[in-house]
Amino acid sequence: MKLFILIYFAFYGSMHAYAFFKARAAFEFGRTAGLLSAVFMTLMMLAPIITRTLEHAGHNTAAIAFAYTGYIWMGALSIFVMIAIIIGVYRLIVFGAGNFFIRNTDAFIPSAFMAFIIPLFLAVILTGYGIYEGLHIKTEHLRIYTEKIPPSAGRIRIVQISDVHLGLMSGKLRLENIIRSIRNSNPDILVSTGDLIDGQLDNIADNIKLLDRINPRLGKFAVTGNHEVYAGLGLSIRLTESAGFRMLRNDDAGAGNYIVIAGFDDRGHSLSKSSDTKMEKDLLSRLPKEKFIIVLKHKPEIDQSLYGLFDLQLSGHLHGGQIFSFVPLLRIAYPYVSGLYELPEKSRIYISRGSGLWGPPMRVFAPPEITVIDLFPVR
C-alpha cells in the first residue's frame with residue numbers, strides 16, 4: 001500500500017506539474033494566480049484521501065462532494081495531459097523539421113496559448129461525454145460452441161459482472177440498473193469476477209443484499225478482487241456471501257452436469273506468483289476434462305503452463321482502460337485489455353470492461369458492461 005501511495009503521488013503529481021506549467025506558459029500569470037492554482041491542485045491530489053477520511057468519519061455528504069469533484073478532475077486532467085503531450089510532440093516534430101530543412105514553420109506550430117486551450121477544450125467535451133457514457137450499462141453478448149455441452153442440454157447462459165465497486169459513488173441506483181440488466185438476460189449462472197465492493201464498507205450491507213434477489217438455476221459464484229483486500233477480506237467475503245454468492249477461493253464447484261467453475265483469490269495477497277501458478281495448475285489438472293471448465297480470476301493473468309487446462313477464463317480489473325488515456329499504460333503490463341481472446345490449446349479468456357466505475361465517474365470509449373455468455377452444443 002505504501003508503494004502504491006508513493007507511485008500515486010509521483011505520477012499524479014507529475015501530471016499536475018505538467019498542467020501547471022502549460023497554464024503558466026499560456027497565460028503568463030503572476031505569483032498570486034500561481035499560488036492559488038498550486039493550492040487547488042494540491043487539494044485535488046489529496047481529494048481521494050480526504051474523501052476516505054470524511055466517509056470513515058460519517059460525513060457522507062462532504063465525502064460525496066469531494067469524491068465527485070476530485071475524481072472528475074482526475075479524469076479531465078488525464079485527458080488534458082494525454083492530448084497536450086500529443087500536441088507537444090507535434091510541435092517538436094514540426095520545429096525539428098523546420099530546422100533540418102531550413103524552413104520557417106512558425107505558421108504550423110500552435111502558440112503556447114493554443115497548445116493549452118485545444119487540450120482544455122477537448123478535455124471538457126470528453127469529460128462530459130464520459131460522464132454520460134458511464135451512466136449507461138451495455139449488455140455484451142458472446143457465443144461459444146463446445147462439444148462438452150450435449151445437444152440435449154441446449155443453451156447454457158452465464159452472466160458475468162465485474163468491478164461494480166459498490167460504495168460511496170456506486171450505490172443503490174447503479175446496482176438496481178445492473179440487476180435489471182441481469183434479470184433481462186435470464187441467466188443460468190451468475191458470476192462476479194472481483195471488486196464487487198469498493199475500499200470502504202460503511203453503509204453498503206443493505207445495497208449489496210439486493211443481489212440476493214437473483215437466483216439462477218445453476219448457481220452464483222464469485223472471487224475476490226484487489227478492492228476486497230483493501231476493504232478487509234473477511235468482511236468483504238461475508239458481504240458477498242450475504243448477496244447469495246458462493247465464494248471460490250482457490251477451489252472449484254460444479255454448476256449443473258456439464259460445467260465446473262474454478263475460482264482463484266486475487267494475487268494481490270500472495271507473496272509468490274510461482275507458487276500461485278503451481279497451485280492453479282494442480283487444481284485445474286485434477287478437474288474432469290470432459291466438462292466445460294471456467295476459471296474466475298480477477299486480474300487477466302495466465303501462465304502459459306495453464307493453457308489447455310481450462311476452456312474459458314473470465315476476468316476484469318482493467319475496466320477496458322475506463323478512460324482512453326489510460327489504455328497505453330495498461331498495455332505495458334497486460335497484453336489483453338478487454339474482450340475475447342483465443343489462446344493456445346483451445347483455451348479462451350474474456351476480459352470484462354466492468355459493470356461499475358472506479359475513481360472518475362466517467363467512461364470514455366469504454367462503456368460499462370454486463371456480459372452474457374451463451375454456451376451452445378456444437379451443431
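In this text, all values refer to a predicted model and were calculated from it rather than measured experimentally. (Residues numbered from 1 in each chain as written. Predicted model: local features only at pLDDT ≥ 70, side-chain atom pairs only at ≥ 80, totals over all residues. Heavy atoms only, no water.)

## Here's the deal with the overall build of the protein chain
Point 1. Across its full length, the protein chain carries 10 helices and 12 strands.
Point 2. Computed over its C-alpha atoms, the radius of gyration of the protein chain comes to 23 Å, within 12% of the 21 Å expected for a compact globule of 379 residues.
Point 3. Summarising its shape, the C-alpha atoms of the protein chain cover approximately 75 × 55 × 40 Å along the three principal directions.
Point 4. Partitioning the intrachain contacts of the protein chain with sequence separation of at least 6 by distance along the chain shows that 74% fall at a separation of at least 24.
Point 5. About 18100 Å² of surface is accessible on the protein chain, with carbon and sulfur atoms providing 62% of the total.
Point 6. Treating the 38 positive side-chain charges of the protein chain as one cloud and the 31 negative ones as another, the clouds have centres 3 Å apart. (Helix = DSSP H or I, 4+ residues; strand = E, 2+ residues; numbered from the N terminus. Rg over C-alpha atoms; globule rule 2.2 N^0.38 Å. Contact = heavy atoms within 4.5 Å. Areas by Shrake-Rupley, 256 points an atom, 1.4 Å probe, with all protein chains shown as cover. Lys, Arg positive; Asp, Glu negative; His and termini not counted. Charge placed at Lys NZ, Arg CZ, Asp CG, Glu CD.)

## Topic: the sheet that holds strand β12 (residues 369-377)
Point 1. Strands sit in the order β1-β12-β2-β3-β4-β5 across an open sheet of six strands; the sheet is mixed. In this open sheet, the two edge strands, each paired with only one partner strand, are β1 (138-146) and β5 (246-247).
Point 2. Bridging between β1 and β12 involves nine bridges; their strand directions are parallel. From the neighbouring strand, E140 faces β12, where its bridge partner is T371. (Pairing = 2+ DSSP bridges.)

## Quick notes on the side chain of K22
Point 1. By the element assignment, K22 lies in helix α1 (residues 2-27).
Point 2. It turns out K22 is buried and unbridged, and the closest side chain with the opposite charge, E28, is 13 Å from it.
Point 3. K22 has contacts with F80, A84, R91, A115 and F116, leaving out every residue within four places of it along the chain. (Buried < 20%, exposed > 50% of the residue type's maximum accessible area, 1.4 Å probe, protein only. Salt bridge = Lys/Arg side-chain N within 4 Å of Asp/Glu carboxyl O.)

## Quick notes on the packing of α1 against helix α2 (residues 31-56)
Point 1. Between α1 and α2, the shortest axis-to-axis distance is 11 Å and the interhelical angle comes to 150 degrees. Between α1 and α2, the angle falls in the class roughly antiparallel. Where α1 crosses over α2, the two elements pack in a sense that is right-handed. On the side of α1, the interface is formed by Y8, F9, Y12, G13, H16, A19 and F20, while α2 contributes G34, S37, A38, M41, M44, M45, L46, P48 and I49. (Axes fitted to C-alpha atoms, helices over the stretch in contact; angles between N-to-C directions. Parallel < 35°, antiparallel > 145°, perpendicular 65-115°, else oblique. Left-handed = near helix turned anticlockwise from the far one by under 90°.)

## Let's talk about the pattern of salt bridges
Point 1. Applying the stated criterion to the full structure yields 15 salt bridges.
Point 2. Across the salt bridge formed by E55 and R52, the nearest N and O atoms sit 3.3 Å from each other. Linking E55 with R52, this pair stays in helix α2, spanning three residues, or about one helical turn.
Point 3. Among the residues examined, E55 registers a relative accessible area of 4% and is labelled buried.
Point 4. By relative accessible area, R52 is classed as partly exposed at 27%.
Point 5. Its salt-bridge partner being E140, residue K138 comes within 3.9 Å of it at the nearest N-O pair.
Point 6. Here the salt bridges share partners, and the residues they tie into one network are K138, E140, R353 and E369.

## Looking at the packing of aromatic side chains
Point 1. With the rule as written, the count across this model stands at 14 aromatic pairs.
Point 2. Centroid distance F27 to F116: 5.4 Å. Interplanar angle 80 degrees. Geometry classified as edge-to-face. Taken together, the positions of F27 in helix α1 and F116 in helix α4 (residues 112-134) put the pair 89 residues apart, joining distant regions of the chain.
Point 3. Residue classification places F27 among the partly exposed residues on the basis of a relative accessible area of 44%.
Point 4. The class for F116 is buried, based on a relative accessible area of 10%.
Point 5. Both rings, one in F324 and one in F365, keep their centres 5.7 Å apart while their planes meet at 45 degrees; by these two values the pair is tilted. Taken together, the residues F324 in the loop between β9 (312-315) and α10 (327-333) and F365 in the loop between β11 (348-351) and β12 connect sequence positions 41 residues apart.
Point 6. Taking relative accessible area as the criterion, F324 reaches 25% and is therefore assigned partly exposed. (Phe/Tyr/Trp six-rings, centres within 6.5 Å; stacked < 30°, edge-to-face > 60°.)

## Quick look at the pairing of β11
Point 1. Residue alternation in β11 divides its side chains into two sets, R348 and Y350 and I349 and I351, and both sets are buried.
Point 2. Relative to β11, β9 is paired through four bridges, and the arrangement is parallel. Bridge assignment links L312 to a residue of β11, and that residue is R348.
Point 3. Here four bridges tie strand β10 (residues 339-342) to β11, and the two strands are oriented antiparallel to one another. The partner of Y341 across the bridge, within β11, is I349.
Point 4. Connecting β10 to the next strand, β11, in antiparallel fashion are five residues, including E345 with a positive phi near 60 degrees.

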